[in-house]
Structure formats: structure tokens, C-alpha cells
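Residue-level structural notes
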Amino acid sequence: MFPPMKRAKDSKPAAEPGFDAVLEQLRAVVERLEGGDLPLEAALAAYEEGVGLARRGHGLLDRAEQRVELLSAGSDRPVPMPGTDEDEDEDDDDEDDDA
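Predicted model, so just to flag it, every value in this text is computed and none were measured.

**A short note on the overall build of the protein**
Across its full length, the protein carries three helices and zero strands. Along the protein, helices and strands appear, N-terminal first, in the series α-α-α. Of all 99 residues assigned to the protein, the portion counted as buried reaches 11%. Expressed as a percentage of contacts within the protein between residues at least 6 apart in sequence, the contacts between residues at least 24 apart total 48%. Surface exposure of the protein reaches about 8,200 Å², of which carbon and sulfur atoms provide 54%.

In C-alpha cells form, the structure reads like this:
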């Protein structure tokens, strides 16, 4: 029916949720699991969701730690936070330097 939509060159994917949002989602999953009212399949799905959220949160913390380490090392270069517009702009600048 309709042709697939093409993404504009300058449109960016949705930003990854921040640590606080991930933590809040994880807490909601834990509350559902602790409620004990979920059937087995729903509990397994919730557990799987929780594992994914925990991994995402851990990754966000790792990146924040790396950023702090770079800043503490006295680097003159700005340290972008991954998953933000600042990070995308930094990647664009690198491409211009290569041209």
C-alpha cells in the first residue's frame, strides 16, 4: 500500500532512557514479581524484562564511570555522554575532520 518511510538524514533515533528511568522501570518489574500474583509465563517474561533493564542500567553506569575517569584525568577534550545529542554532535565533528 504505502512505500516504507525513509528517515531524514538529520533525524536521530530516540534517545536511550537515562539511568533514573531505567531504575524506575526495574523497580516496577520487581514489585510485580514480588506481588506473587503473576502466572508462570508472565513471571518469566517480567524476569526477562528485569534482566534486560538491569543490564541496561549497568551499561549506563559503566559509561558514566568512564566519563568521570576521563574528566578526572584532566583531558582537554569535551567528554560527551553516550546516548545524548552531545554524543551525536561529537561523532559528526569527527567525520568532518576526516574529509
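**A closer look at the nonpolar core**
Counting residues in hydrophobic clusters, the biggest one holds five residues: Val22, Val29, Ala46, Leu53 and Leu60. Sorting the residues of this core by element identifies helix H1 (19-35) and helix H2 (40-72) as the ones contributing at least two each. Each residue touching Val22, except ones within four places of it in the same chain, is listed here: Pro17, Leu53, Arg56, Gly57 and Leu60.

**A look at a negative patch on the surface**
A cluster of acidic residues, Asp20, Glu24, Glu31 and Glu34, forms a negative patch on the protein surface. Mapped onto the elements, Glu31 comes out in helix H1. The class of Glu31 is exposed, set by a relative accessible area of 60%.

**Describing the confidence of the model for the protein**
Across the protein, the average pLDDT comes to 77, with 61% of residues at or above 70. Across the protein, the secondary-structure element scoring lowest on mean pLDDT is helix H3 (residues 85-98), at 50, and the one scoring highest is H1, at 95.

**Some details on the pattern of salt bridges**
Across all of its chains, the model carries one salt bridge by this definition. One salt bridge in this structure joins Glu49 and Arg32, with 3.0 Å as the shortest N-O distance. Pair noted here: Glu49 is in helix H2 and Arg32 is in helix H1, with a separation of 17 residues, a long-range link.

Reading guide: rules and limits
Residues numbered from 1 in each chain as written. Predicted model: local features only at pLDDT ≥ 70, side-chain atom pairs only at ≥ 80, totals over all residues. Heavy atoms only, no water. Helix = DSSP H or I, 4+ residues; strand = E, 2+ residues; numbered from the N terminus. Buried < 20%, exposed > 50% of the residue type's maximum accessible area, 1.4 Å probe, protein only. Contact = heavy atoms within 4.5 Å. Areas by Shrake-Rupley, 256 points an atom, 1.4 Å probe, with all protein chains shown as cover. Core = buried A, V, L, I, M, F, W, Y, C linked by side-chain atoms within 4.5 Å. Patch = residues over 30% accessible without salt bridge, like charges linked within 9 Å, V, L, I, M, F, W, Y side chains within 5 Å. Salt bridge = Lys/Arg side-chain N within 4 Å of Asp/Glu carboxyl O. Lys, Arg positive; Asp, Glu negative; His and termini not counted. Charge placed at Lys NZ, Arg CZ, Asp CG, Glu CD. pLDDT = per-residue confidence, 0-100.

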